[in-house]
Structures are given as C-alpha cells and as structure tokens.
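Descriptive structure summary
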Protein chains: 2
Amino acid sequence: MSTAPIRVVQYGLGPIGLETARAVLAKQDTGHIELVGAIDIDPNKVGKDLGELLGLEAPTGITVEADAECVLQERKPAVALHTTSSFLSTMYEQLVLCARQGVHVVSSTEELAYPYDRHPEIARRLDEVAREHGVVIVGTGVNPGYAMDTLALMATGVCTDVRTIRVERVVDAGGRRLPLQQKVGAGITAEAFAERKQTGTFGHIGLRESALLIADGLGWPIDDLQETLEPMMADEDVKTPFLTVRAGQVAGIHHAITAYADGQAVLSLDLKMYVGAKDPKDAVYVEGTPPISLVVEGGIFGDTATVAMLVNTVPRVLEATPGLKTMKDLAVPRAFATRPLAS
Amino acid sequence: MSTAPIRVVQYGLGPIGLETARAVLAKQDTGHIELVGAIDIDPNKVGKDLGELLGLEAPTGITVEADAECVLQERKPAVALHTTSSFLSTMYEQLVLCARQGVHVVSSTEELAYPYDRHPEIARRLDEVAREHGVVIVGTGVNPGYAMDTLALMATGVCTDVRTIRVERVVDAGGRRLPLQQKVGAGITAEAFAERKQTGTFGHIGLRESALLIADGLGWPIDDLQETLEPMMADEDVKTPFLTVRAGQVAGIHHAITAYADGQAVLSLDLKMYVGAKDPKDAVYVEGTPPISLVVEGGIFGDTATVAMLVNTVPRVLEATPGLKTMKDLAVPRAFATRPLAS
C-alpha cells in the first residue's frame, strides 16, 4: 500500500486505551497508520506527553487533551479509537460528537457490540447521525467482538445446516491485568460475591450482546434469554503477580447465557474467568451439517487481543458503508499494519 | 427477515452444482432463498426436471436449460451460483454474461478465489464489467475460500503483530466423493504420479490463490512462492466405498506452498489429501502477539462445506459494493437460511 497513513486519535486513556495508543505508535513505521491526538479528561493525564504516560524514553509529541471536540476539529483524524466506558448510556454523546466531526468510531464499549436490544433508541440515533455524516460506528474487542460471537459466526460459514451452537471461553485471570482480576472477584468471599451479584453490574459485560449478535447474524428469532452468574471457588491457594486467592475464596466468575427459539435452547455461551483456570481455551461447537469443533488452544490472550481488534478494525470501517454497524457487517477481521518476521 | 426470498439460479450441474441446488431447495421453506433456474450444457441433463437429476420423488418444476443468457433474462435471478470449471480462462465469459444481465455471481471456480496473479487481465475485465452493471463477482468454497485462507486471516484478527503463519489441512479422501479420490491419485503407482505431475494440472487447485489471498489481506509484499507436490504412499491396504488402495500405491497428495518476503519464509500452506489419513484437521498457527493456535478438530468436511460456502455467500454479495471481490472483502462468512433445531 502506498496510500497515506490512516490518521487516528486515541479517545480514552485507561489501561486498554493506553495499550491501544502504544500499539498504534508501534505500527507507525509501517506507514499505514498514524496517531495524531490523545483525549482524556483525567487531570493527572491532561497536558502530559503520551510518551510519559506510556513510560517511553522519548516524548511522542502528542499531548493529552481534555477537549475532544477541539482535538477532532484540529487534527482531522479519519478514525477515533474510543475506549472510555463499558456502558452506552453514560457516553453515547461522545460517539455523536465524533460522528458530527466526520470521524469514524471503533469503540471498546461492550454494549456497543450489539446495542439494538438494551438501547434501541440510542442505537437508532447513532445510526442516524453516522449515516448523516458518512461515518461508521462499531463496537469491538476480543469479548464481545470476537471470541464468543464473530468467531462463532465464522465457524458456521461452512455449514449448510446449523441446529445448535455452544461457545466456551475459559480464561486464566491470573495472567491478566489487575483490574480484570478484581473485576471477576478474585480473592473475595462467597458472601461478598453474592452481594456484588445483587448490584446487577457484576460479571462479564457483553455476553447478552454476543448471544444476540450471533442470533442476528444467523437470522434466528430468539424468544428468551436466560443468564446465570456463579462464583468459581478456589480449591487451593493461587498466587498471581498482583494478589493471592486462598482456598475457599472466590477465584472468579462462571457466567453463562442460553438463548431459546420456540422454547428450545439453541445457543449457549459459557464463560469462565478465574485465577488458576485449568485448560484455558476458546471453543465453538456447532451441531450442524457438517458438525464443527473449532478450538483456539490455550485461548486468546484477552488484553492484547482487545487492543488488536480495535486497531485491526480501523481499515475495515473505512471500507464499510456508513451507519451503526456490528462485527457481522464488516469484512473478515484480520491483522493490520504488521510486518512479517519483524520482532 | 420478512423480505422476499433471494432468487438464485444454479449455473453448472456437476456433482458440486447438483448438491448446491439440493441445498438451496432444502432451504426454500425458510422463505429466504428460491431456486428459479438451472443451467447446464450436458445433453444428458438438458430438458430434464432438476428433481430427476437429484433423485427426488417429486419434480421441482425447474427444467435444466442450456441457454444461460435466456435463463438469466427470463428468470431475473439476483445471484448465480456458478459451478462449471476450476479454470478462469476457459469460462470467464460465463461470468461476464451474468454480470451483463445484472446478476451477482458466487462461483466455485478455484482460480477466481484470487484471480489477480494468474489472470490479471481477466480480473481487470471482470472488475470493470461487474462495476459497470452494479454486481459482485466472487469465488469461494471450502478450499480455496475458507479453510486455508479466510480462516487464517480470521485467526490473525486478534493479533497486534504477526510474524509467520502456518496453515495445515489434512483431509481423509476416503470419506469424500469418488472424483476427489481420483483427483488425488488414490490407487495409482508412484510412476503414474510422477507422470501426472509432469502435466502441470495435477494436485490441488487453489493453494497459490489461498497464499496470495492471505498475503494481500495482511498487506504483506511477497517476493517468491515455492510449491511442492509429492505423493502420500499407502503403508497398508485402504478400502473406500469406491476403490481400494494397496500398500505401496499412492494414497493421495501432499501439496505445499511457501511464501517469502525479503527472502524469508513467512507463510506456509500444507495440504495433505489422501485415503486413510490419520488425524484429519484444519489448523492455523500464527506466530505473533498473541500467538494463535486455531484447530478445527477432525477437519472440515469438504464436499458439504463447499456447497455451504457457495449458498452462505449469497446474502453477503448483496450487501457488498459492486466489483470483483475476494473473500477478504466480504462480511464474515456465516450460515444462511438455517433453522435452529430443524433436522
């Protein structure tokens, strides 16, 4: 490709946002992508060079700014890599702002992976504003966005007939970043787990979205969804780089959802994220013609994979027709701006 | 979906074409697709009802016709399922004919999976005529089209960095249709294998296309391709429903290709198709960040899967922008017009 690099801004500089910015910077020497701005409202970050926040030796020349509109207007990026929140209702105006500036959005917002169910009105408005301004808005990541939805759809591509689908993801949270270990409740008691569960905001965000994305992708009418969330208990002490889980404490979550059509279970997604997980994997089992048993051995390492999906989706939104999209609408995901044999 | 069924014609009624027509007929009661014509020039087929050729109890009402132009004009299908030849140069005018009638083409032609290398001039012309008439032309199937290319691209979607890719497909030809067993040389001698190899038309068609599709999808510049074709020899007698291979005879092929960038091997595709194959599988191994080891356990059953990919690609071409496309340009493959829990 001899075309000009794709100009992107990093919108949101939490742990995933910082790693996404780092990945873009690492790809700049391919000439395919260029980071032209960084946005965050955290007063501890605003005004600092991105290199300082990333622990780089040299400054990047990109200063963190709080005024998103100003950055988008001045820097004229093609795409915003958006990583500010899991929840649409608290931040969808940020997406509207990007669209109004003619900037495509690739967002890690879990609810955006399939927004039509929980937030039909926001979805309608986002689609409208995206079409009006000729941009694409899409939510992606490893999960939701790939491991438990897009990969499952892909697995059915070679089937003339699909009767049921079972998706399993087993993640060893012990190898992931601290916020994720805390998110799954590693080290808390069974009672504390039950209390957190009562809040309704505990567990993995996006399982419902993944199930509905698969069902929509297949054109399956779903008349019920049943979700369960239980603790995975440690049966021996487990030590991670960040914390220790004692035997009898919570090691993580077992979060599952089953989708029903005509009263029968047709689609199930089963997610276990816990420290000390045995046999981590991503698997899709299709009961169909032919049957498919697709396994990513060892599983997909989530922190890196979410960053990868965000960056790799950048060229895909440039090819798509304008509007609010989901992963089923974009061309097959694939690595972008890599160099064979480069270290 | 409450939209009208997608009207398709079956263009070519060899073994794959007949099974594709059968699959479309089986899906008609979903209301998403409708077979409206069947084209073949074989005098043994012309004039017969498709139901007779498929061994159905009742006639389908669709008579095989030899005049493709006439069928396309009269029946006005949206998409032609095209299964006449592996080679572009002998039949690309059939694709031009479809395009001129405003009919999208989903073709099993192996060389069409990535036509830009072997047939740049035909590819240019097909793209031009497709754009002019607002249609999509795409080549797909299980291999090329999925197992050794699109699935490999998909595997890299979660990687920030990809250094090398190795794709392996092991097929037990003993479970496949007779023409495939004959195609891989099952039961011939090593000498006969060497003679066939001299003809230059022996071996799997599409390995080069798959390698170049992956490289193009990743934006990797490839400066050399090295292909090898060797016999897999039977070390014991193997009996299939159609033939017996004796110990010491050829059981099938081992066909491999390696792609080089800057003089280094960066991408390899390794295909073994032989009767009595141990441990059939489809696998993609990505050396990258994170590393990915994606395995379809038992492999993807090819005869059904090629039919599935053809039919499942029908709705994808309707969504795409006009032109000559490859699988990297279409939305993620997935099953179409299936009904959960239907037998």
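All values derive from a computational prediction rather than experimental measurement.

Calculation rules
- Residues numbered from 1 in each chain as written.
- Chains lettered and ligands numbered in written order.
- Predicted model: local features only at pLDDT ≥ 70, side-chain atom pairs only at ≥ 80, totals over all residues.
- Pairing = 2+ DSSP bridges.
- Helix = DSSP H or I, 4+ residues; strand = E, 2+ residues; numbered from the N terminus.
- Axes fitted to C-alpha atoms, helices over the stretch in contact; angles between N-to-C directions.
- Contact = placed C-beta atoms within 7 Å.
- Least-squares fit on C-alpha atoms with pLDDT ≥ 70 in both.
- Buried ≥ 20, exposed ≤ 12 C-beta atoms within 10 Å, placed from the backbone.
- Right-handed = clockwise from strand over helix to strand, strands pointing away.

Thoughts on the sheet that holds strand β12 (residues 264–274) of chain B
Spatially, β8(A)-β11(A)-β12(A)-β7(A)-β13(A)-β14(A)-β14(B)-β13(B)-β7(B)-β12(B)-β11(B)-β8(B) is the arrangement adopted by the 12 strands of the open sheet, whose pairing is mixed. The sheet terminates laterally at β8 (224–233) of chain A together with β8 (224–233) of chain B, the two strands that pair on one side only. Pairs of neighbouring strands in the sheet enclose a mean axial angle of 10°, with direction left out of account. Relative to strand β12 (residues 264–274) of chain A, strand β11 (residues 250–261) of chain A is paired through 10 bridges, and the arrangement is antiparallel. The residue bridging H254(A) from the neighbouring strand is K272(A), located in β12(A). Packing against the sheet, helix α9 (residues 207–218) of chain B makes contact with β7 (161–172), β8, β11 (250–261) and β12 of chain B, and its axis sits at approximately 145° to β12(B).

Things to note about the interface of chain B and chain A
On the side of chain A, 54 residues touch chain B, which itself brings 54 residues to the contact. For the side of chain B that touches chain A, the elements supplying multiple residues, two or more each, are α6 (150–156), β7, α9, β12, β14 (292–297) and α10 (302–319) of chain B. The dominant element in the side of chain B that touches chain A, judged by the number of residues it contributes, is α10(B), at 7 residues. As judged from the 3 bridges shared by strand β14 (residues 292–297) of chain A and β14(B), these two strands associate in the antiparallel manner. If you follow V295(A) over to β14(B), its bridge partner there is V295(B).

Quick look at the relation of the copies chain B and chain A
Comparison of the two chain copies shows a relationship of rotation about an axis with a shift along it. Overlaying chain B on chain A yields an RMSD of 0.0 Å, the required transformation being a rotation through 180° with an accompanying axial translation of 0.0 Å. What the rotation and shift describe, once combined, is the action of a two-fold rotation axis. Of the residues that chain B buries at the interface, 100% are likewise interface residues in chain A, meaning the two copies contact each other through the same surface.

Notes on the sheet that holds strand β3 (residues 64–65) of chain A
Residues and elements named next belong to chain A. Taken together, the 7 strands give an open sheet; going across it, the order is β3-β2-β1-β4-β5-β6-β15, and neighbouring strands pair in parallel fashion. Across the chains shown, the open sheet's two edge strands, defined by having one partner strand only, are β3 and β15 (323–325). Docked against the sheet, helix α5 (residues 120–132) engages β6 (136–139) and β15, running at close to 125° with respect to β15.

Concerning the pairing of strand β6 (residues 136–139) of chain B
All names here are of chain B. Residues of β6 alternate between two faces, with V136 and V138 on one and I137 and G139 on the opposite face, all of them buried. Bridge analysis of strand β5 (residues 104–107) against β6 gives 3 bridges, and the strand direction is parallel. Within the sheet, the bridge partner assigned to S107 lies in β6 and is G139. For the segment spanning β5, helix α5 (residues 120–132) and β6, crossover handedness is right-handed. Pairing between β6 and strand β15 (residues 323–325): 3 bridges, direction parallel. By the bridge assignment for β15, I137 is matched with L324.

Fair warning: the whole summary comes from geometry, so function is off the table for now.
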